[in-house]
Amino acid sequence: MTGGCYDERSARCASGPAPCYTLSMDPTGQKYFTIIDYVIFALLLVASMAIGLYYAFTGGRQSTTQEFMYADRSMKCLPLSLSLMATFQSAVAIIGTPAEVYANGTQYWFIGCCYILGLLIPAHIFIPMFYRLHLTSVYQYLELRFCKAVRICGTVTFIFQMVVYMGVGIYTPALALNAVTGFHLWGAVLATGLVCTLYTALGGLKAVVWTDVFQTVVMFTGQLAVIIVGVHQAGGLSDAWVKVRDGGRISGIDLNPDPTVRHTFWTLGVGGVFLMLSLYGVNQAQVQRYLSSRTEKEAVMSCYMVFPCLQVALMLSCLMGLVMFMVLYFVMDMLQNFPGLPGLFVACLFSASLSTISSAFNSLATVTMVDLIKPHYSMTEARATLLSKMLALSYGIICVAMAYVVHLMNSSVLQAALSIFGMVGGPLLGLFCLGIFFPCANSIGAVAGLAAGLVMAFWVGIGGFLSRMPSSVQVLPFNSTNTSENITVPAVIDAARPAGLNGLYSLSYMWYSALNSSTVVLIGLIISFMTGPTKGDDVASGTVYPVMRTAQSLLHKLVKPSACCTSPEHTVRWSYGFTVKCIVALGHFNVVKLLLADRWS
Ligand SMILES: O=C(O)CCCC[C@@H]1SC[C@@H]2NC(=O)N[C@@H]21
Ligand code: NA
């Protein structure tokens, strides 16, 4: 490792503000794979293809849309939970999260707090409702609750979101591989796109779920192997811990309520809940997995089981950020003398990418078929299945084209991916919440609300992107005393903090989902009341969540009727006891907070 430097190309591959080190490279400036690395990488593609072909020629041979799209609704919760986790865990997380943790400390790790509510709400509100409605696509809910126009708006918005996201997902690992090994950028994009499109178009959802399971194993193995070797090279756990702590990489809990601060416990732990709801609650790729479960209980269980998988994935990514100073270069440099490990790490990268874009292809083909084509053209089952496969192929081509667009954009992919979810997934979440929690909302309100949410999303999202001109400034590493070189990172500096309305531009991107979904609900309700709110009994049964009834029954369970409200002194005594309990709990929380802050300061 020599002194740090800011290298446009490698910083791009680091996908985010991260320091880069010029390494002792051969004259062409590239690190070469050994043959064993290529073999491991090729094995990943071949194995994925084999699983796809297996499901193309066994079972029902993907001859019906029920099998192609919903695996004949026969899936069990274990493979489903791994597939659910893998779908939104792409190379962006594998590279971007370590780069984020190293460049900005472990504050990002608190995003794990949003997984609790981010999975409980889908498990107990969205899944039961969608499962009992026997939906063929999640956007069918919008037609049941509102009208066909709202369904089409939702479908088109989803298609836009996933096509852009796929572009990021396929481009990231190819760029990283190119920057580090000299592997031809577009060769990697085409190889990934081709293999993924083929096994998805041939094997349907069964193939996508089982390749996701296989790719998750490769992902975790690759990350674990690199962490173990990295810690070993750092001199063992204790030395690694000392280096990391003295390097100031461990950031305690940041309770700053300022919404413009990029990463705090609130932006990650609370803003992240809305992000999770838009992904694990109403995103077609995930809902399709819930609907392919054998029973509703299996679907809820698969959602619960995502929690430990996500926590492990987050822990591995964050540990990589701590153990390795620069994910990819460090991997290549450090592991050069461990032939096979660079190949395993790159296979881990591509496993993350393949398992994400295959889910995107399959869900895009499904909604295009179910929401946009089938309602207007009747056709035989065979033709519908063939058309679905053609759609999956065409989305593969679109995805490669999108990779080129992302190439031109050249921004931090982790923030880009999360911003896409916030800017487009947020309004979609708002649309579903408007329908599910507000019986008075009508179709005009829904369409107007969605439009308002998207306008808000792009205004704040693009405004925020433009107002933060990235520039490289001299940044000393976090109070580290043991490193001499200055690390130059492309810091994203906030221009003079704009006041008032423009303050929205400096809003943390982690609040986009919350801001945009609430905009849809707010505008949707206002327009609904202005154009004649829907009457309670006009709403299709099963499409509204009974908030009041649930709240009353919960309150009833909490407040045992015998314990209080039978007489004034009972009520006084109960409320006194309740208040004392709250104060004690608050005390505990503060003690924990002080301990955490002290330990990590
Ligand atoms: O990896 C990606 O493709 C996108 C970045 C991660 C997406 C979100 S972040 C919260 C949740 N946890 C994950 O591991 N993925 C999703
Ligand atoms: Na993935």
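Every chain's residues receive numbers from 1 upward, in the order its sequence appears when written. All chains are assigned letters beginning at A, and all ligands numbers beginning at 1, according to the order in which they are written. Only residues with pLDDT of at least 70 are given local features in this predicted model, and only at 80 or more are side-chain atom pairs given and counted; all residues enter the totals for whole chains, interfaces and linings. With hydrogens and water stripped out, all remaining heavy atoms of the structure feed into the side-chain values.

Peer 1: What is the right way to read the site of ligand 1 from this model?
Peer 2: Residues in contact with ligand 1, as listed here, are Phe-88, Gln-89, Ser-90, Val-92, Ala-93, Tyr-115, Tyr-165, Met-276, Leu-279, Leu-310, Leu-418 and Phe-421. We call two N or O atoms a polar contact when they sit within 3.5 Å, provided that within protein one can donate a hydrogen and the other can accept it, with sequence-adjacent residues counted only if both atoms are side-chain atoms. Taking Gln-89, its side chain carries an N or O atom lying 2.6 Å from an oxygen atom of ligand 1. Only the protein chains shown count as covering a residue, and every accessible area follows the Shrake-Rupley method with a 1.4 Å probe. For ligand 1, the protein covers 97% of the area, taking 390 Å² as the surface of the free molecule. Grid points spaced at 1 Å and placed over the protein atoms alone form the basis of the search, with a cavity being a set where a 1.4 Å probe fits but cannot get out and a pocket an open set showing protein on both sides within 12 Å along at least five of seven lines. Lining residues have an atom within 4 Å of a point. A molecule is said to be in a cavity or pocket once over half of its atoms fall within 2 Å of that pocket's grid points. Taken atom by atom, the bulk of ligand 1 overlaps the largest cavity. Strands are runs of DSSP state E lasting at least two residues, helices are runs of H or I lasting at least four, and both sets are numbered from the N terminus onward. Sorting the residues of the shell around ligand 1 by element identifies helix H5 (91-104), helix H12 (271-280) and helix H18 (413-437) as the ones contributing at least two each. Following the grouping adopted for this structure description, the nonpolar residues are Ala, Val, Leu, Ile, Met, Phe, Trp, Tyr, Cys and Pro, the charged ones are Asp, Glu, Lys and Arg, and the polar ones are all others, Gly among them. Considered class by class, the residues forming the shell around ligand 1 number 10 nonpolar, two polar and no charged. In this text, near means that some heavy atom of the residue lies within 4 Å of the molecule or strand in question.

Peer 1: What exactly am I supposed to notice about the coordination of the sodium ion (ligand 2) here?
Peer 2: Octahedral six-donor coordination of a metal ideally yields angles of 90 or 180 degrees, compared with 109.5 degrees for tetrahedral four-donor coordination. Atoms of type N, O and S within 2.8 Å of a metal are treated as its donors, and for Na, K and Ca the window is 3.2 Å; water is not considered, so some sites may appear to be missing partners. Those donors, Ala-86 (O), Gln-89 (O), Ala-352 (O), Ser-355 (OG), Thr-356 (N) and Thr-356 (OG1), are the protein atoms that reach the sodium ion (ligand 2), and they lie 2.3 to 3.2 Å from it. In this structure, the sodium ion (ligand 2) is surrounded by six donor atoms whose angles at the metal cover 61 to 172°, and the resulting shape is irregular. Donor residues for the sodium ion (ligand 2), ordered by position in the chain, follow A-x2-Q-x262-A-x2-S-T. Of the two residues, Gln-89 sits in the loop between helix H4 (77-87) and H5 while Ala-352 sits in helix H16 (residues 341-373), which places them 263 residues apart along the sequence. One exposure class covers both Gln-89 and Ala-352, and it is buried. Under this scheme a four-donor centre is tetrahedral when all angles range from 85 to 135 degrees, a four-donor centre is square planar and a six-donor centre octahedral when opposite donors are above 155 degrees with the rest from 65 to 115, and any other centre is irregular. Only protein chains enter the accessibility calculation, which uses a 1.4 Å probe. A residue is then buried if its area is under 20% of the maximum for its type, exposed if over 50%, and partly exposed in between.

Peer 1: Help me understand the pattern of salt bridges in this model?
Peer 2: Oppositely charged side chains can form a pair if their charged atoms are brought close together. We define a salt bridge as a side-chain nitrogen of Lys or Arg found within 4 Å of a carboxyl oxygen belonging to Asp or Glu. Evaluation of the coordinates by the stated rule reveals nine salt bridges. Across the pair Asp-212 and Arg-289 runs a salt bridge, and its minimum N-O distance is 3.6 Å. Linking Asp-212 in helix H9 (residues 185-233) with Arg-289 in helix H13 (residues 284-291), this pair joins segments that are 77 residues apart in sequence. Like Arg-289, Asp-212 is buried.

Peer 1: I'm lost on unusual backbone geometry in this one. Help?
Peer 2: Comment: phi is negative for the bulk of residues other than glycine, and the bulk of peptide bonds are trans. The backbone phi angle of Arg-61 is positive, close to 55°, even though this residue is not glycine. Residue position: Arg-61 is located in the loop between helix H2 (35-56) and helix H3 (65-70). If you check the backbone angles, Ala-71 has positive phi at about 50° while not being a glycine. Residue class for Ala-71 comes out buried when judged on its relative accessible area of 0%.

Peer 1: Please clarify how the environment of Ala-451 should be interpreted in this entry.
Peer 2: In this fold, Ala-451 is placed in helix H19 (residues 443-467). Take Ala-451: its relative accessible area is 41%, and that puts it in the partly exposed class. Spatially, the C-alpha atoms of Ala-451 and Leu-316 are 38 Å apart, while their sequence positions differ by 135 residues.

Peer 1: Teacher, can you tell me more about the packing of helix H6 (residues 114-132) against helix H14 (residues 296-323) here?
Peer 2: Axes are the key here: two packed helices are described by the angle between their axes and the distance separating the axes. For every element, the axis is a line fit to its C-alpha atoms; helices are fit only across the contacting stretch, and the angle between N-to-C directions ranges from 0 to 180 degrees. At a minimum axis separation of 9 Å, H6 and H14 run at an interaxial angle of 155°. The orientation of H6 with respect to H14, classified from their angle, is roughly antiparallel. Crossing geometry of H6 relative to H14 is assigned as right-handed. Packed against H6, whose contacting residues are Tyr-115, Ile-116, Leu-119, Leu-120, Pro-122, Ala-123, His-124, Ile-127, Pro-128, Tyr-131 and Arg-132, the element H14 presents Glu-296, Ala-299, Val-300, Cys-303, Tyr-304, Val-306, Phe-307, Leu-310, Gln-311 and Leu-314 at the interface. Grouping the constituent residues of the contact of H6 with H14 by class yields 17 nonpolar, two polar and two charged. Here is the rule for angles: anything less than 35 degrees is roughly parallel, anything more than 145 is roughly antiparallel, 65 through 115 is roughly perpendicular, and the remaining ranges are oblique. Take the far helix as the reference: if the near one is turned anticlockwise from it by less than a right angle, the crossing is left-handed, and if turned clockwise, right-handed. Between two residues, a contact is recorded if the distance between any of their heavy atoms is within 4.5 Å.

Peer 1: How should I be thinking about a nonpolar patch on the surface in this particular structure?
Peer 2: Together, Leu-53, Phe-57, Leu-194, Leu-198, Leu-202, Leu-386, Met-390 and Leu-393 make up an exposed nonpolar region whose accessible area comes to about 690 Å². By the element assignment, Leu-194 lies in helix H9. What goes into a patch is any residue over 30% in relative accessible area without a salt bridge, connected to like charges within 9 Å or, for nonpolar side chains (Val, Leu, Ile, Met, Phe, Trp, Tyr), within 5 Å.

Peer 1: What is the right way to read H9 from this model?
Peer 2: In an α-helix, one turn spans 3.6 residues; hence positions three or four apart end up facing the same way. In this model, H9 (49 residues) spans only 30 Å end to end at C-alpha, well below the 72 Å of a helix rising 1.5 Å per residue. Fitting one axis to the seven residues ending at a residue and another to the seven starting there, the bend at that residue is the angle between the two axes. Where H9 bends most, the angle comes to about 130°, and this point is Gly-204. After H9 finishes, the residue Gly-235 shows a positive phi value of roughly 100°. Helix span, as expected, comes to 1.5 Å for every residue beyond the first.

Peer 1: Explanation requested: the nonpolar core in the structure shown.
Peer 2: Side chains of a nonpolar character, in soluble globular proteins, are inclined to be buried together. Here, nonpolar core means buried Ala, Val, Leu, Ile, Met, Phe, Trp, Tyr and Cys residues that are tied together by side-chain atoms lying within 4.5 Å of each other. Counting residues in each nonpolar core, the largest one holds 156 residues, and the members touching the most others are Phe-130, Tyr-141, Tyr-280, Phe-432 and Ile-436. Residue contributions to this core peak at 17 residues, all from H16. Residues in contact with Tyr-141, not counting those within four places in the same chain, are Met-129, Phe-130, Leu-133, Leu-135, Phe-432, Gly-435, Ile-436 and Thr-543. Counting residues in each nonpolar core, the second largest holds five residues, with Ala-71, Leu-80, Leu-205 and Val-209 among its members.

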